[in-house]
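# Inside the fold
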Amino acid sequence: MEDTEFFDICEKEQTAATPFLEQGKDDDDSVTDQFWNVANQPKGHKIGEESEEDDKIKSKDASEGVGEDSDSSGESQEHHMNNGNNNNNKTMKYADRVWILNLRRNLNQLDNIAKEKALTIAKAREELSACQLRIEMLTKERECTETKIEEKKEAGNIAAVFRLQAMHRRLCAELGNEKDLESKIALMLKENVYEMWQIEIEQGKFGSLREQLEQDEEELERERKEQAEQRIQKEKTVSQLAERKQQVRKKKETEAWEAYERRHQKAVEDAHKNHEKAAQFLKKSMSRIRQKEAKEELKTQEHMEKRMQAVLSLKNNITSNRETLRTLQLRDKAKALEAKKQEMKMRGDILAEGGDVTKEIFLHKQRIELERHKEEFTEQQKSRKTEIVARILQEEAYVEKQKKHQARAEALRSQGKLQDSLQWRIKTWQYIENACEDPAATVLQKSWRTPSACSLVDDKSSSVVDFSKKALQDTIHENDDEEASQTLAEPEFTGLWSQECNLYKMPKDETDPKPLGASKMERKIFTENLEKLRSGIIRKQVVSGHEFKGCPFYSKPSLIHFKDFDVGKTYKKKIILINASYSVNFCKLVGVSEHLKDFINIHFDPPGQMSAGISCEVVVTFKPMINEVLEGKVTFLAQNGSFSIPLKCTTKRCVLALDKELIDFGTHVVGETISRTIILTNHGALGTRFKLQTSTGDNGTCTTTAKSSLERMVSPALDGITSGEKASSSPVESSIYENKEQVYPVHTEEVTLHISLPESQKTESNLGSSHIEQFSQDALITEADLETENAQSPAESPPEEEPIEITLGKVTEGEIGPFSSIKLQIIFTPCVPGDVRAEFEITFDNPNCKPLHFCVIGVSVDVPVWVPNPNVDLKICMYDRLYQDCIIIRSRAKAALRLKFEVCKELSNHMELLPKTGYIQAQSSFSVQLKFLPRHSLPEDAGKYFDTETRVLEVPMTIKIADKFVEIQPSDGFGTLLPLESLNLDIIFKANKAKEYSFELTCKSEINRQFKLSCKAIGVHPPLELSHSLVKFAATALNDVSTATLYVINAHVSLNRFTHTVPRIGKGEIAPVGPTSFEFLVPEDSPVTIMPSVGTVLPGKKCLIQVYFRPVLSEQLIREEAVQMLRRADAQRTMLKKIHESEMQKRKDETVAGKKDGKKPSFAAFRQPLRVRNSKYAAASSGFEPSKPEEIKTNSEEYIAAQYSLIRNFTGKFERYIIPCFVASGDIDEKRGSENLKYSPYNTLYLELHCPAVAPSVVVTSNNGKNMINFGEVAVGHRIIERITIQNISQEQLALGFSILNPNGPFLLISPVGTLEPGENQFLLISFCPNESKLFFETLDIRTIKATLTLSIIGHGVAPSIACSVEGEVLDMGYVIAKEKVTSTFKIQNTSTLPLRYSIKLESLSQTRLKEQQRLPFFITSPPGRTDFVGTQNYSGLSVFNIFPVEGVIEPRKSQDFTVTFSPDHESLYYSDCLKVVLFGKEIARVIWLKGAARNHMMFVEGGDPLDVPMESLAITSPMSEEAAKGELEEPAKPLLLSLEYIQAETSGTPAVRELKIGAIRTAQFASKKNVEFSLDNLPLLQQKGFTIEPVKGTVDRGQIKCISVSWVPPADFDPDHPLMVAAVLTLKGDIKESYKVLFVARVVCT
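Because the structure is a prediction, the values reported are computed rather than measured.

### Considering the sheet that holds strand β50 (residues 1280–1288)
Here we have four strands laid out as an open sheet, ordered β48-β50-β55-β53, and antiparallel in their pairing. Each having just a single partner strand, β48 (1258–1260) and β53 (1307–1309) make up the two edges of the open sheet. When strand polarity is set aside, the average angle formed by the axes of neighbouring strands in this sheet is 30°. Sheet topology note: the β48/β50 ladder contains three bridges and is antiparallel. Opposite valine 1258, over in β50, you have asparagine 1288 as the bridge partner.

### Describing the packing of aromatic side chains
By the definition in use, this model includes 27 aromatic pairs. Between the aromatic rings of phenylalanine 901 and phenylalanine 926, the centroid separation amounts to 6.0 Å while the plane-to-plane angle is 5°, which identifies the pairing as stacked. Residue phenylalanine 901 is found in strand β24 (residues 897–903), and its partner phenylalanine 926 is found in strand β27 (residues 925–932); the two are separated by 25 residues along the sequence. Looking at phenylalanine 901, the relative accessible area reads 6%, which means it is buried. Overall, the relative accessible area of 16% leaves phenylalanine 926 in the buried class. Taking 5.3 Å as the distance between ring centres and 80° as the angle between the ring planes, the aromatic pair formed by tyrosine 1398 and phenylalanine 1458 counts as edge-to-face. Of this pair, tyrosine 1398 sits in strand β61 (residues 1396–1402) while phenylalanine 1458 sits in strand β64 (residues 1455–1462); the two residues are 60 residues apart in sequence, bridging distant segments of the chain. Neither residue differs from the other here; tyrosine 1398 and phenylalanine 1458 are each classed as buried. Sitting over the ring of phenylalanine 562, lysine 573 keeps its end group 5.9 Å from the ring centre. The ring centre of phenylalanine 1323 lies 4.1 Å from the NZ or CZ of arginine 1283, which sits over that ring.

### A short note on the pattern of salt bridges
Counted by the stated rule, this structure contains 35 salt bridges. The salt bridge partner of arginine 372 is glutamate 376, with a shortest N-O separation of 2.6 Å. In this pair, arginine 372 and glutamate 376 both sit in helix α9 (residues 357–414), four residues apart, roughly one turn of the helix. The class for arginine 372 is partly exposed, based on a relative accessible area of 36%. Take glutamate 376: its relative accessible area is 38%, and that puts it in the partly exposed class. A salt bridge links glutamate 1541 to arginine 1643; the nearest nitrogen and oxygen atoms lie 2.5 Å apart. Of this pair, glutamate 1541 sits in strand β68 (residues 1534–1544) while arginine 1643 sits in strand β76 (residues 1633–1646), and the two are 102 residues apart along the sequence. One continuous salt-bridge network, built from bridges that share partners, spans Glu1467, Arg1495, Lys1534 and Glu1634.

Calculation rules
- Residues numbered from 1 in each chain as written.
- Predicted model: local features only at pLDDT ≥ 70, side-chain atom pairs only at ≥ 80, totals over all residues.
- Heavy atoms only, no water.
- Pairing = 2+ DSSP bridges.
- Helix = DSSP H or I, 4+ residues; strand = E, 2+ residues; numbered from the N terminus.
- Axes fitted to C-alpha atoms, helices over the stretch in contact; angles between N-to-C directions.
- Phe/Tyr/Trp six-rings, centres within 6.5 Å; stacked < 30°, edge-to-face > 60°.
- Buried < 20%, exposed > 50% of the residue type's maximum accessible area, 1.4 Å probe, protein only.
- Lys NZ or Arg CZ within 6 Å of the ring centre and 35° of its normal.
- Salt bridge = Lys/Arg side-chain N within 4 Å of Asp/Glu carboxyl O.

Following this line, the structure appears as structure tokens:
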């Protein structure tokens, strides 16, 4: 079984691995041809067309062999190589790049096939060897079994013989199977080897092509690098230009600042002069002010006494009023008892007479109420008359006062020319008079005047009201007398009114607020305190180094809002202030807005010091005196600044709204009656009356479009419109032929009719020659007139028969209270088929409420039958009970019709219509019996038609009209034909089956003449279907996208025409069952995109189609608008130039006249406007030639400005497209040479699209209006922020919503905007921080209620990478003489594609270095490896290692040289530091360990084992002087340990080898000694112990290093258990003599 499975697997692999070979066998084509066909294949071909490749295949001879194919492939190869050589010096085209990519993909595919084939061959060989091994084993077992059979036969063991014979047979069968399998595997192996040879041959054919492909790829890479260098050069040029502009701007700013300083100095000097001149008048002014204050104080006391007396009198009046009220209440109670007794008496009398008690009492109460209303009306008229008389008297007094002022002004004018001071007095007086006598100002002052105590009492007391009015009039008369007695004809400061005094304006901040006579210190203190009070800031609040900025206190609620207040009532609100600052704060109440002080009272007890988060309460009391909306704020002062809380007081108002603005009745049959309701809701606290009527926007006219009749009427039921006032309308016929961009030619008829209100005048229609006449209410229509009208308009019906389809319900007007709603009913009674539309509006008595409008639409279907009662209500039903009802069906047809009655499948077991088929006679009725027998399975069977919660069943029933496929329009084929007149009729044919139709139409006249018309048609059933043939897009803003989804369905799965309808053309052949292809043909330059537009649908499947609608402005329209804008700008410049020339001519004339009079001309007369002189268009304005639209570039400023202007002024656009979908049998993806797709134009499907476009509400104003944000290349981990400006160009406030960006992505919206006011600009901040090196793309949708603005965000994350010239991780500076310097240079190259901002950090200068020094040294803690890179440092505190440069930017593909300076100040062998290359201030790109050593002398020794730690003691030891060193006789030798390990193997050993390095430092010091001598003593002992040393002595030049090699082999007498230790002295002679005691330790290590 395993062998069989393997054989099947091999067969499958062979089939999958040789698609090229199989196809080559079938089509007589080789693998080479297929590769060239794939490399040069076209993008695709349309249905019904043949590609050039297919033609070539057809023309080939079938007898051509592989050799000819190879020749053709060779020729193609040479052709491509020649093309490649010719295009080396040119830029590679897009097609060449695509060819390279396709060829590389195909070559890789061929290589993969070769690898798979080699793997298959290897598996087959393994299996063949395994099979042969099993054959050998089975053969041996068979021989062994035969031997045993012979033995058992001889022994006579028959049972064993039978058993062994069965085993022998089984072994023979297995052996036969194995041999068969061996032959199959061998055959398979042979075939695979043969195919492998073919593949290798094909690979050899493409060898030269591979080389050419590599050259092309190198050329492509070179072109990319050149483009990158060109971009970098352009960026450098732009940056240099920007730097130049910045320098010019700085220069201008400096000049402007110097000019400002000069002006400021001049203003200060002028202010001092003013102050000196005003000081002499100050004393007189102060004395006058004191006298005036004393007089005002006296008047205030007198006024207070009057008010106190008024309050006392008010108190007495209140007491007397209370007593009067008690008396009135008692009297009212007595009257009520008396009325009740009279009512009981009347009730008894009526009962005695036998009358209706309720009716009589109701009428009696109505009479009493009517009399009371009459009395109130009489009193109201009297009060109004009194008010009118009072107003007339006031107006007369005002007129007399105005006449007096005018007479006084005329008298002053008649005196002739007055003195300058007198003129100033007159102007001031006139200004004061105008300001005081302004009616608007008077009303405003009265409305905002502080109410007196008299005005706050109850209005019920008439005496109090009279007293308050009298007191108010007295106050007004007193004010008038004071104003008349006080005049400003004489100025207070006479000197300042003289023309000789030159006034100088002084800045506010430099005015001396302190009176004269104070000292400088007092002035300074006073000024500082005043500035503190003005700024409202006492001191800044800084906690932990952070300064608090923002509002110091938060309030709950954030807005103090008194809603729906009543005048005279008192309202209170409590707010809580919370300390939101960092520490303790204070809070002080400053006050409320000035215009709210008369109505708002604040109760606030300062709590003193408040900690952070502590709150306090504030009580706000509001007592309104006027019924107006008030807005202001309550201001508080905190320790670190002032803050305010907004306050708003709104009156009661009506807030009316409709639940919907469109009532869509949908489609209904003529004769039905349907009603809908619309809800009017009042969300406000004030009620009002409403009235529902037709909209006045169309002058009371409703418009409708009919498709099947000539006349149409829609009229709402309005009060006051009589039948005689109805207007008749004549028909209008028109045929609409739309252009090719929108729809294909379709013949339709649309009739537009008008219904006018009685007051409206009807005018001649511009749609045709028909006119509309208006008849008066009392006009008499004679028979002759009617005949004349019928002759002019044969199809026009009398006004009495005009149908009314959309009417209103019973409620058309009434009262709507506060916070309530009312349902309004709209009734639709379709009379004539077609679309119906009516506009209605709701008006209100409240003038502040705007009318509300809504639209009603409906569609009536021209079905010859209808159901008068479309709803059948069986009420409450029980299970297993039979319920019956009768359904009446009426017909308006002129002939008998066959009807078919159907019930939905779900209810077939519960409901039945009898009969199921019937005939209804012409213009008669038909009765159908409904039987309903609900069973217990009804809830499960009904499904969606049954509501489980309400237990209500709603089931649709269908009435089908059979054999109805021809329709005559207009008027269903009825009409009147006048002599010598022709009439066009449309015959509408609707095929319900795919067959040939042949029928006759008979036209009959009134004189019984008949005319027959023969008609033939062919019904077509396409192979494919569309799920939706009509798509209505929502209103889409410009540059927005709307998406619709539909399906292309292939329901053709069987050729059996008896079970279902099959796709065919008439009686032609049935379309084959199989894949069917389609193609949508979208018009060019249309805003519609269909994806996929081409595809194939398998039988029984469906294909998803996405339809996108993206309205945009065409480039030609934008260019034309740009030209128009340039022309308008030129016209404006020309006009400005003419105005300027006229002004210049006028000034020249004035200059000439001034010279004649001897006056000096002013400098302004010769100064020209800078704008006109410096305008770059001024010189060319006279000869301006407007550009052509084709010359406007898309990236120019004119193009962008024109596009922005068109978007702002876009009013909307509606387009209709009909997209054909061609259908063909077959798979469009198949590429068979001789096969064509079967296509017929009769199978074409049509998709209708309705595309309304509107103006966007939000646009992008930054980045030249582009909706794409390109961050460019950004380093990984680095963040860049872009600012985008959006603007609301609509007329209403917009609430914005944003789509969610990828939370794990690099893009982040930092500052979303909540709302946008009309015309407001807001900024959006979007950051880009890539986390990996790749290209990122996301879209951000800015959503509003009406449209969506999509922003495309692009960014390329690039991983910063560098290459350092330092090999390894250590940069060794070597040895240097102490207090000398040595430098080393290394290079860092930027290998990435973006500039790198770097900084060099040293670990010794780190901020955490001090903390790290407090830890224990690493040699004490014994870590696994050294972690401290900072070693010995200089005693002076200066850094041992210095790097230059420390920071900068490395451009892409550039390098930067760094210089490291090593300057130690004392001797040490452990100078080290850690250098870190930090990119963008975050990422550590490279770590280098800097290492160096310093000596006081010119020689050094390296090597050996460490005997000390690489850290110095904290104690500083002063170095030994040279004299002391020379004077010292014996210097102790320095220890040096050298350990050696001899590795002993089984046969031989490896000698131990170590090295010591002797070096001489290159230095300018020690000029007397040019080299260093060294020698090693105790050489015989070392040799005896097995040590070999080379060399033993020698010299080392300056700057050189010499190595001493030490090797050891254990001697014969060596004891492995005891290590060997030998000491020797190494002597160095340079500027001084140094000795090192070298201890050699040797041991043997066994492996």
